[in-house]
Amino acid sequence: MNKKLDISVVVPLYNEAESLPELVAWIRRVVTERDISCEIIFVDDGSTDESWRVIEELKAAYPEIRAISFMRNYGKSAALYCGFDMARGEVVFTMDADLQDSPDEIPEMRRMILEEGYDLVSGWKRKRYDPVGKRWPSKFFNFTARLMSGIKLHDFNCGLKAYRRKVVKSIEVYGEMHRYIPILAKHAGFRRIGEKVVQHHERKYGKSKFGIERMVKGYLDLISVSFMSRFGRSPMYLFGGLGTLMFLFGGITAVWIIVDKLCAQFSGLAWRGVTEQPMFYLALLAIILGVQLFLAGFLGEMINRRSTERNHYLIDKRMDD
């Protein structure tokens, strides 16, 4: 029988060979001092440096290390998804491999999960050592995510997070969704989401993988996760509702223009031809768009009805006869 593990530490990495030995030593020191049983899961996201060789050497020295390596770079979300699948600990941590996240935060964040009842505790890097070009876009991301999700976190994208095991086994992370895991967790029914101010350190080795393309992908994924959270199971509510409103607006406007023209004509007043009025064409456009939106919602419902996960629900507690 496998011994019960207190925590799993999932570490996605890409070209971080120099920092890995220090990170392992740091994590092991923290958990040993607190007598916490631990596994460290490295997910090598297609590194092109010596990262995998270093992981093999660490694995030979420390049996609590587990690892997988991708054939190519798939992104942080894919790495976290596979790491979550492997995790066996009661509390699951994520942290970056660049030594900017502090393992010293592990005991307190674990306590918040076990004793205060949080499902997820997210780190908040109140004082950051990243360049300005990374800090300000991050602030804007976080503001937008708070506004759209209603989750009062200051730092959605902090790599250091702690989860109750049930959380990571219940959510699917893909695309650039790793930055919005709290939103995915809330959508899955885990609403006790907390925050802890954590230490942030300057990067010691290598360079940041942050790029301008992450801003674009991040906002598109925020729109996606917000839409799926509200209308994923019933797309007809959004598209059908908007389509109906546009169809009614266009139809009523078109009828009003025609009736107004006929009344003026029979009354001997000056009148304009229906096709001479720009508003008539806007009304026709609204009717066409309304029909298209309604059909999009209808098709979405038909596809969703055939989905194998349409009636997949997370059960928290159960009593059988």
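Residues numbered from 1 in each chain as written. Predicted model: local features only at pLDDT ≥ 70, side-chain atom pairs only at ≥ 80, totals over all residues. Heavy atoms only, no water.

Novice: Just checking my understanding: could you explain the packing of aromatic side chains for this structure?
Specialist: Centre-to-centre distance and the angle between the planes together describe a pair of aromatic rings. By the definition in use, this model includes three aromatic pairs. Measuring from ring centre to ring centre gives 5.3 Å for F70 and Y74, while their planes differ by 90°; the resulting arrangement is edge-to-face. Taking the relative accessible area as the measure of exposure, Y74 reaches 45% and is therefore partly exposed. With centroids separated by 5.5 Å and ring planes inclined at 70°, the aromatic side chains of F84 and Y163 adopt a geometry described as edge-to-face. With F84 in helix α3 (residues 76–86) and Y163 in strand β6 (residues 161–164), this pair connects stretches of sequence that are 79 residues apart. Here F84 and Y163 have matching classes, each one buried. The cationic tip of R126 hangs over the ring face of W124; the distance from NZ or CZ to the ring centre is 4.5 Å. Directly above the aromatic system of W271 lies the positively charged group of K261, at a separation of 4.7 Å from the ring centroid. (Phe/Tyr/Trp six-rings, centres within 6.5 Å; stacked < 30°, edge-to-face > 60°. Buried < 20%, exposed > 50% of the residue type's maximum accessible area, 1.4 Å probe, protein only. Helix = DSSP H or I, 4+ residues; strand = E, 2+ residues; numbered from the N terminus. Lys NZ or Arg CZ within 6 Å of the ring centre and 35° of its normal.)

Novice: Whenever I open this one, a nonpolar patch on the surface confuses me. Can you help?
Specialist: The grouping of F247, L248, I252, V291, F294, L295, F298, L299 and M302 at the surface amounts to a nonpolar patch, some 850 Å² of accessible area in total. Considering every element that reaches the nonpolar patch, the biggest residue donor is helix α10 (residues 278–305), with six residues. Residue placement: L248 occurs in helix α9 (residues 235–266). (Patch = residues over 30% accessible without salt bridge, like charges linked within 9 Å, V, L, I, M, F, W, Y side chains within 5 Å. Areas by Shrake-Rupley, 256 points an atom, 1.4 Å probe, with all protein chains shown as cover. Salt bridge = Lys/Arg side-chain N within 4 Å of Asp/Glu carboxyl O.)

Novice: When you look at the sheet that holds strand β1 (residues 7–13) in this model, what are you seeing that I'm missing?
Specialist: Whether parallel or antiparallel, the strands of a sheet pair through hydrogen bonds between backbone atoms. Taking strand neighbours across the sheet as the criterion, the seven strands line up as β3-β2-β1-β4-β6-β5-β7 in an open arrangement whose pairing is mixed. Looking at the sheet topology across the chains shown, the edges are occupied by β3 (65–69) and β7 (193–197). When the angles between neighbouring strand axes are averaged without regard to direction, this sheet yields 20°. Note: strand β2 (residues 38–44) against β3, five bridges, orientation parallel. When the bridges of β3 are listed, D44 appears paired with S69. Contacting β1, β2 and β3, helix α2 (residues 51–61) crosses the sheet at an angle of about 155° to β3. (Pairing = 2+ DSSP bridges. Axes fitted to C-alpha atoms, helices over the stretch in contact; angles between N-to-C directions. Contact = heavy atoms within 4.5 Å.)

Novice: In this structure, what is going on with the nonpolar core? I would like to understand it.
Specialist: Counting residues in each nonpolar core, the largest one holds 34 residues, and the members touching the most others are I7, V9 and F42. Secondary structure elements with two or more residues in this core: β1, α1 (20–33), β2, α2, β4 (91–94) and α4 (106–114). Here this core takes seven residues from α1, the largest share from any one element. If you look at the next biggest cluster of nonpolar residues, it comprises 29 residues, including A79, L80, V92 and A185. (Core = buried A, V, L, I, M, F, W, Y, C linked by side-chain atoms within 4.5 Å.)

Novice: Honestly, the pairing of β2 in this entry has me stumped. Any pointers?
Specialist: Each regular strand carries side chains that alternate between the two faces of the sheet. The buried count for β2 comes to seven of seven residues, which makes it a mostly enclosed element. Of the two faces of β2, the one holding C38, I40, F42 and D44 and the one holding E39, I41 and V43 are both buried throughout. Bridge count between β1 and β2: seven bridges; the pairing is parallel. Paired with V11 across the strands is F42, a residue of β2. Crossover handedness for the path β2 to α2 to β3: right-handed. (Right-handed = clockwise from strand over helix to strand, strands pointing away.)

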